[in-house]
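# Understanding the architecture of this molecule
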Amino acid sequence: MAEQGEYDLLHHGDREVGDGLVDLAVNVRLAAPPEWLRRELADTLSGLAAYPDVRGAVEAVAARHGRPPSEVLPTAGAAEAFTLLASAFRGRNAVVVHPQFTEPEAALRAAGQAVRRVVLPAADGFVLTPDAVPADAELVFVGNPTNPTSVLHPAQALRQLCAPGRLVVVDEAFLDAVPGEPESLAGQRLPGVVVLRSLTKTWGIAGLRAGYVLGEPEVLDRLRAVQPPWSVSTPAAVAMVACSRPDAVAEANRLAREADRDRERLVEGLRGLGVEVAGVPRAPFVLVRVPGAGRVRLALREAGYAVRRGDTFPGLDGDWLRIAVRDRETTDRFLAALADTLT
Ligand SMILES: Cc1ncc(COP(=O)(O)O)c(C=O)c1O
């Protein structure tokens, strides 16, 4: 288990973009929300005098995942859920499975929590081994698929993490980007499991802050008790309704299949350049190991491309980069630029 604190947990891909660079650093899939969603969001403007009412969003999300409304809590993005969990379950013996998105650990620390890290080794393809989580862990955070490794853990391995007196938090922020949403626990009521979902990546609405928690009503009551009032805005609640409709879910699935094909092209190109791609990537981003990645990242910036540094993720060092999957033309141009930096 690694020692604490030596990583910049507050670093995110959005700090690496700008200056006209082609963005392969941020994992938001669309450059803008689709037209149908933009129209629905625009229609909310005239109603903004009223305080938000999330009941419609709760019903819609519940129907989308086949769960009762009492098992749904809308949040201001999946990120808010980390803060709510850290605050509501303060004092629990917390373990974060790394490498993963750093906000869960940052939220725990901000709440004054001690955090233990379980680091999944690169040599094993960053695959979850349930035994690696200490038996006394009472609050466990794991991502599925995991950012930045892109590994999708089997639902069975996640279920094995369940234990009496333990709350397992499965961050499924990217699962709608995996065709068919395999290995998801979102549709099941499992004692001691909460699932986090995000709408921001697939729908290009990171600026809106829309996500939700699925879990047992007693757990959600505790989160609701520490959630700031009206935390989820009217437009975010409308986005939850819109993105939960069957045709939106089908569109997300089409986008996910497209991303799968684009990722295969990226992975093939990377391997063709002799670049090591970690694990078995299933999400719309890949983690790569390139000796001297820091130099490569800067050379790519010179060439007009932003990729995300990997060394701010606990468990990774300066040889890792995360690359977002984009359309094939962008991918091909990026691979050509990368080839130049590697020669
Ligand atoms: C794995 C993971 N979980 C959660 C989030 C937060 O998502 P949201 O925008 O819904 O707050 C992110 C954002 O990058 C993420 O990468």
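These figures come from a predicted structure and were not determined experimentally.

## Focus on the domain arrangement of the protein chain
- Once the domains are mapped, the protein chain shows domain 1 (13-31 + 249-342) and domain 2 (35-245).
- Placing the centre of domain 1 and that of domain 2 at their C-alpha centroids yields a distance of 24 Å.
- Connecting domain 1 to domain 2 are 0 salt bridges.
- Along the contact surface separating domain 1 from domain 2 lie 8 residue pairs in polar contact (both at pLDDT 80 or more).
- Looking at the side of domain 1 that touches domain 2, the elements with two or more residues in it are α8 (246-272), β10 (285-289) and β12 (320-324).
- Take the side of domain 1 that touches domain 2: its biggest share by element is 8 residues, from α8.
- For the side of domain 1 that touches domain 2, the per-class residue count stands at 18 nonpolar, 5 polar and 7 charged.

## Comments concerning the site of the ligand
- Around the ligand lies a shell of 13 residues, among which Ala78, Asp171, Ser198, Lys201 and Arg209 are the nearest.
- Contacts to the ligand include Thr200, whose side-chain N or O atom sits 2.8 Å from an oxygen atom.
- One nitrogen or oxygen atom from the side chain of Arg209 is found 2.5 Å from an oxygen atom belonging to the ligand.
- Calculation on the ligand without its partners gives an accessible area of 400 Å², and the protein chains cover 89% of this total.
- Looking at which element gives the most residues to the shell around the ligand, the answer is helix α3 (residues 77-88), with 4 residues.

## Side note on helix α4 (residues 103-110)
- Among the residues of α4, those classed as buried are Pro104, Glu105, Ala106, Ala107 and Leu108.
- In this structure, the buried residues of α4 make contact with α3, β3 (94-98), β4 (115-119) and β5 (139-143).

## Remarks on the UniProt feature "domain: Aminotransferase class I/classII large" (unreviewed entry) in the protein chain
- UniProt's feature table lists "domain: Aminotransferase class I/classII large" (unreviewed entry) at residues 21-338, given in the numbering used throughout.
- With 36% helix and 17% strand, the stretch residues 21-338 has end C-alpha atoms that lie 14 Å from each other.

## Here we look at the nonpolar core
- Within the largest apolar cluster, 43 residues are counted, with the highest numbers of intra-cluster contacts made by Leu37, Leu161, Leu185, Leu199, Trp203 and Ile205.
- Looking at this core, the element that brings in the most residues is helix α7 (residues 234-244), giving 6 residues.
- With near-sequence residues (within four places) excluded, Leu185 lies in contact with Arg67, Ala155, Leu158, Arg159, Val170, Glu172, Leu190, Val193 and Val195.
- Counting 24 residues, the second-largest nonpolar core is a separate cluster that includes Leu73, Leu108, Leu167 and Leu196.

## Considerations on the sheet that holds β10
- Ordered by their spatial adjacency, 5 strands build an open sheet running β1-β11-β12-β10-β9, and the pairing between neighbours is mixed. For this open sheet the edge positions go to β1 (22-24) and β9 (276-277), each flanked by a neighbour on one side alone.
- With 3 bridges joining them, β1 and strand β11 (residues 305-309) adopt parallel strand pairing. Across the sheet, Asp23 pairs through a bridge with Ala306, a residue of β11.
- Sitting on the sheet, α8 is in contact with β9, β10 and β12, with an inclination near 10 degrees to β10.
- Sitting on the sheet, helix α9 (residues 293-302) is in contact with β11 and β12, with an inclination near 155 degrees to β11.

## Topic: the packing of helix α2 (residues 55-65) against α7
- One way to put it is that α2 packs onto α7 with a least axis distance of 8 Å and a crossing angle of 25 degrees. By the angle class used here, α2 and α7 are roughly parallel. The chirality of how α2 crosses α7 is left-handed. In this structure, α2 contributes Gly56, Ala57, Ala60, Val61 and Arg64 to the contact, and α7 contributes Ala237, Met240, Val241 and Ser244.
- Among the residues making up the contact of α2 with α7, the classes are represented as 6 nonpolar, 2 polar and 1 charged.

## Topic: the pattern of salt bridges
- Tallying each qualifying case throughout the model produces 20 salt bridges.
- Glu181 is the salt-bridge partner of Arg64, the closest N and O atoms lying 2.9 Å from each other. Of the two residues, Arg64 sits in helix α2 while Glu181 sits in the loop between β6 (167-171) and β7 (193-198), which places them 117 residues apart along the sequence.
- Assessed through its relative accessible area of 21%, Arg64 is described here as partly exposed.
- Its salt-bridge partner being Glu181, residue Arg197 comes within 2.9 Å of it at the nearest N-O pair. Placement of the pair is Arg197 in strand β7 and Glu181 in the loop between β6 and β7, with a sequence separation of 16 residues.
- Judged by its relative accessible area of 1%, Arg197 is buried.
- Owing to a relative accessible area of 19%, Glu181 belongs among the buried residues under this scheme.
- A network of salt bridges, in which partner residues are shared, links Glu6, Glu105, Arg109 and Arg117.

## Quick word on the packing of aromatic side chains
- By the definition in use, this model includes 7 aromatic pairs.
- Where Phe82 meets Phe101, the ring centres are 6.0 Å apart and the plane angle is 50 degrees; that geometry is what we call tilted. Within this pair, whereas Phe82 is found in helix α3, its partner Phe101 is found in the loop between β3 and α4, the two being separated by 19 residues in sequence.
- For Phe82, a relative accessible area of 1% gives the class buried.
- Plain terms: the ring middles of Phe126 and Trp320 are 5.7 Å apart, the flat faces sit at 70 degrees to each other, and that makes the pair edge-to-face. Of this pair, Phe126 sits in the loop between β4 and β5 while Trp320 is found in strand β12, placing the two residues 194 residues apart along the sequence.

Rules used in this analysis
- Residues numbered from 1 in each chain as written.
- Predicted model: local features only at pLDDT ≥ 70, side-chain atom pairs only at ≥ 80, totals over all residues.
- Heavy atoms only, no water.
- Domains from an automatic or database assignment.
- Salt bridge = Lys/Arg side-chain N within 4 Å of Asp/Glu carboxyl O.
- Polar contact = N/O pair within 3.5 Å; in protein donor to acceptor, adjacent residues only side chain to side chain.
- Helix = DSSP H or I, 4+ residues; strand = E, 2+ residues; numbered from the N terminus.
- Nonpolar A, V, L, I, M, F, W, Y, C, P; charged D, E, K, R; others polar.
- Near = heavy atom within 4 Å.
- Areas by Shrake-Rupley, 256 points an atom, 1.4 Å probe, with all protein chains shown as cover.
- Buried < 20%, exposed > 50% of the residue type's maximum accessible area, 1.4 Å probe, protein only.
- Contact = heavy atoms within 4.5 Å.
- UniProt positions renumbered as here; feature names shortened; annotations may be inferred.
- Core = buried A, V, L, I, M, F, W, Y, C linked by side-chain atoms within 4.5 Å.
- Pairing = 2+ DSSP bridges.
- Axes fitted to C-alpha atoms, helices over the stretch in contact; angles between N-to-C directions.
- Parallel < 35°, antiparallel > 145°, perpendicular 65-115°, else oblique.
- Left-handed = near helix turned anticlockwise from the far one by under 90°.
- Phe/Tyr/Trp six-rings, centres within 6.5 Å; stacked < 30°, edge-to-face > 60°.

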